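Chains, contacts and geometry: an overview
Okay, here's what each chain looks like letter by letter:
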Amino acid sequence: MFDSHFHTTDPRLISLPEVVAGSNHGVEIGADFESLPAVFEYAREHEHIYCTAGVHPEYADTYSANDFEHYVVENLHEPKFVAIGECGLDYHRDDLPSREQQIRAFEHQIYMADRYKKPLVVHSRDAWDDTAKVLIANRSKLKHGVLIHCMSYTAEQAQYLMARLAGIDVYFAFGGHITYPSKSYLHDTMRAIPLNRILIETDAPYLAPVPKRGEINKPQYIQYTAETMARVLGKTPAEIETLTANNAYQFYKIKAAR
Ligand SMILES: [Zn+2]
C-alpha cells in the first residue's frame, strides 16, 4: 500500500517498534513548524517514505510566513520533499486559532505551493464554505495540483469543487473514517469522484478504522480502509492498492519506487 498521509514521527507512534518495522510506503506529513526537521529526517532515513512541509490550521496563530518560507527554501534540494501542506481550515472546535488567522496561514501556503512548484495538501474540517471559497479564489495558484486529505464532505460538495476548479488536478484522500457508520455518506462521495483522483491514507496516529476505532492508528490498519473502499467501489483490495498508489505517485510526482 502507498499511504498518502501519516504522522509517524508523532511521539505516540515513533516509539512503537512494530510501527517502524511495519511502515509501508507513503508520505510523512509536516503539520507544525517545530517538527519539520524531524519529518524531513524521517523521510531521508527511510527509502520509501517521502515528506511534506506544512503548518496545520491548529497552529495558525503562531504561523510565521518568513520562517516557513525560509525552511522551504533551505530544503528545496531535498528529493523526498514532495508537497506543501497539510494546511487549511479547521472550524471543528472553539479553541482553535481565529478564522482570520487560519485563512491567512492557508493563503500563504497556497502562495508557497505555486511559488515553489509543489502540489498542495489541504486539511478541511467543518469549514467547507471557506475552504471552497479560498481555493476557488486562488485557483491560478493551484496548477501543481491540490489534494483534499481526509475528505469528509458530500458528493455534491466534491462535484462543486471539481467543477469550479476545472482544469486543475483535484484529488481526494479517504481514511479510516469511511469505515464509521456515521460517515457512510462518504461512500457516495467516493463514487462521485473519478477513479484516477482517489487516494488512500491512514492519517496515523489519528482516525483508526473499524475494528480498531479508538486505538492509536497504525500504518498496518490501512488494510481495513482498503477493504471498505474496495467494497464501495466494486473493486478488489489488490486493485485498490494499485489504483491508489498510482494516483498518489501522480499527485506527489513520485517517479521512484514503482
Ligand atoms: Zn494529518
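Shown above is the structure to which this text applies.
Every chain is numbered independently, its residues counted from 1 as its sequence is written. The predicted nature of this model means local features are confined to residues of pLDDT at least 70 and side-chain atom pairs, given and counted, to a pLDDT of 80 or more, with totals for whole chains, interfaces and linings taken over all residues.

1. Side note on the overall build of the protein chain
From N to C terminus, the protein chain includes 10 helices and eight strands. Its C-alpha atoms give the protein chain a radius of gyration of 17 Å, near enough to 18 Å, the size a compact globule of 258 residues would have. Projected onto its principal axes, the C-alpha coordinates of the protein chain cover approximately 45 × 40 × 40 Å. With C-beta atoms placed from the backbone, a residue is buried if 20 or more other C-beta atoms are within 10 Å of its own, exposed if 12 or fewer are, and partly exposed between those counts. Split into buried and exposed, the 258 residues of the protein chain put 45% on the buried side. Throughout, a residue-residue contact means that the two C-beta atoms, derived from backbone geometry, are no farther apart than 7 Å. The long-range share in the protein chain, meaning contacts at least 24 apart out of those at least 6 apart in sequence, stands at 70%. Helix and strand definitions here come from DSSP, where helices need a minimum of 4 consecutive H or I residues and strands a minimum of 2 consecutive E residues; each element is numbered from the N-terminal end. Restricting the calculation to C-alpha atoms gives the radius of gyration, and the globule rule supplies 2.2 Å times the number of residues raised to the power 0.38.

2. A word on the environment of Ala60
Relative to the helices and strands, Ala60 is located in the loop between strand E3 (49–53) and helix H4 (65–74). The spacing of Ala60 and Pro97 is 37 residues in sequence and 6.1 Å in space, taken between C-alpha atoms. Those residues in contact with Ala60 that sit more than four places away from it in its chain are Val55, Pro97, Gln101, Gln102 and Ala105.

3. Points about unusual backbone geometry
Between Gly85 and the following residue, Glu86, the backbone shows a cis peptide bond with an omega angle of 15°. By the element assignment, Glu86 lies in strand E4 (residues 81–90). Here the residue pair Val210 and Pro211 is connected by a cis peptide bond, since its omega of 10° sits within 30 degrees of zero. Along the polypeptide, Pro211 turns up in the loop between strand E8 (198–200) and helix H9 (222–233). Residues other than glycine seldom take positive phi values, yet Lys117 does so here, at roughly 55°. On the secondary structure map, Lys117 appears in the loop between helix H5 (99–115) and strand E5 (120–125). What makes Lys117 exposed here is the crowd of 11 C-beta atoms within 10 Å. Its identity is not glycine, yet Leu207 carries a phi of approximately 55°, on the positive side. Structurally, Leu207 can be placed in the loop between E8 and H9.

4. Considerations on H5
One less than the number of residues in a helix, times 1.5 Å, gives the span that helix is expected to have. Its 17 residues place the ends of H5 24 Å apart at the C-alpha level, agreeing with the 24 Å of an ideal helix rising 1.5 Å per residue. When we look at burial in H5, the residues that qualify are Gln102, Ala105, Phe106, Gln109, Ile110, Met112 and Ala113. Each buried residue of H5 sits inside an arc of 160° when the element is viewed along its axis, so together they form one side. Tucked inside the fold, the buried residues of H5 contact H4, E4, E5 and helix H6 (128–137). Just beyond H5, the residue with positive phi is Lys117, at close to 55°. Throughout, the arc means the angular range of directions from the helix axis out to the C-beta atoms.

5. Things to note about the nonpolar core
Think of a nonpolar core as buried Ala, Val, Leu, Ile, Met, Phe, Trp, Tyr and Cys residues chained together by C-beta atoms that fall within 7 Å. The biggest cluster of nonpolar side chains holds 69 residues, and the ones touching the most others in it are Leu120, Leu147, Phe172, Ala173, Phe174, Leu199 and Ile200. Ranked by the residues each element gives to this core, the list is headed by E4, at six residues. The contact partners of Leu199, leaving out residues within four places of it in the chain, are Ser4, Leu147, Tyr171, Phe172, Ala173, Thr244, Asn247, Ala248 and Phe251.

6. Here we look at the sheet that holds strand E6 (residues 146–149)
Two orientations exist for strands paired in a sheet by backbone hydrogen bonds: parallel and antiparallel. Taken together, eight strands build an open sheet; the order of strands is E1-E2-E3-E4-E5-E6-E7-E8 and the sheet is parallel. What marks the edges here is a single partner per strand, and that holds for strand E1 (2–6) and E8. Between one strand axis and the next, the sheet turns by 30° as a mean value, whatever way the strands run. A pair of strands is considered paired only if DSSP assigns at least 2 bridges between the two. The sheet contact formed by E1 and strand E2 (residues 25–28) spans three bridges and is parallel. Every angle, taken between N-to-C directions, lies between 0 and 180 degrees, and every axis is a line fitted to C-alpha atoms, over only the stretch in contact when it is a helix.

7. Let's talk about the pairing of E2
Relative to E3, E2 runs parallel, the two sharing three bridges. Across the sheet, the residue bridging to Glu28 is Cys51, located in E3.

8. Remarks on the environment of Gln157
Relative to the assigned elements, Gln157 resides in helix H7 (residues 155–164). Separated by 42 residues in sequence, Gln157 and Arg115 place their C-alpha atoms 28 Å apart.

9. Observations concerning the packing of helix H8 (residues 185–192) against H9
Geometrically, a packed helix pair is captured by the angle between its two axes and the distance between the axes. Between H8 and H9, the least distance of the axes is 10 Å, while the angle of their chain directions is 65°. For the element pair H8 / H9, the angle class is roughly perpendicular. Two packed elements cross with a definite hand, and for H8 against H9 that hand is right-handed. In this structure, H8 contributes His187, Met190 and Arg191 to the contact, and H9 contributes Met229, Val232 and Leu233. Working rule for angles: under 35 degrees goes down as roughly parallel, over 145 as roughly antiparallel, 65 to 115 as roughly perpendicular, anything else as oblique. Crossing chirality is assigned from the near helix's rotation relative to the far helix, an anticlockwise turn below a right angle marking it left-handed and a clockwise turn marking it right-handed.

10. So, the packing of H6 against H7
Close contact between H6 and H7 brings their axes to 10 Å; oriented N to C, the two are set at 15°. Here H6 is positioned roughly parallel relative to H7, judged by the angle of their axes. Both H6 and H7 take part in a crossing whose hand is right-handed. Along the contact surface, H6 presents Trp128, Ala132, Leu135 and Ile136, while H7 presents Gln157, Tyr160, Leu161 and Arg164.

So, to be careful, I would describe these as geometric facts and stop short of saying anything about function.
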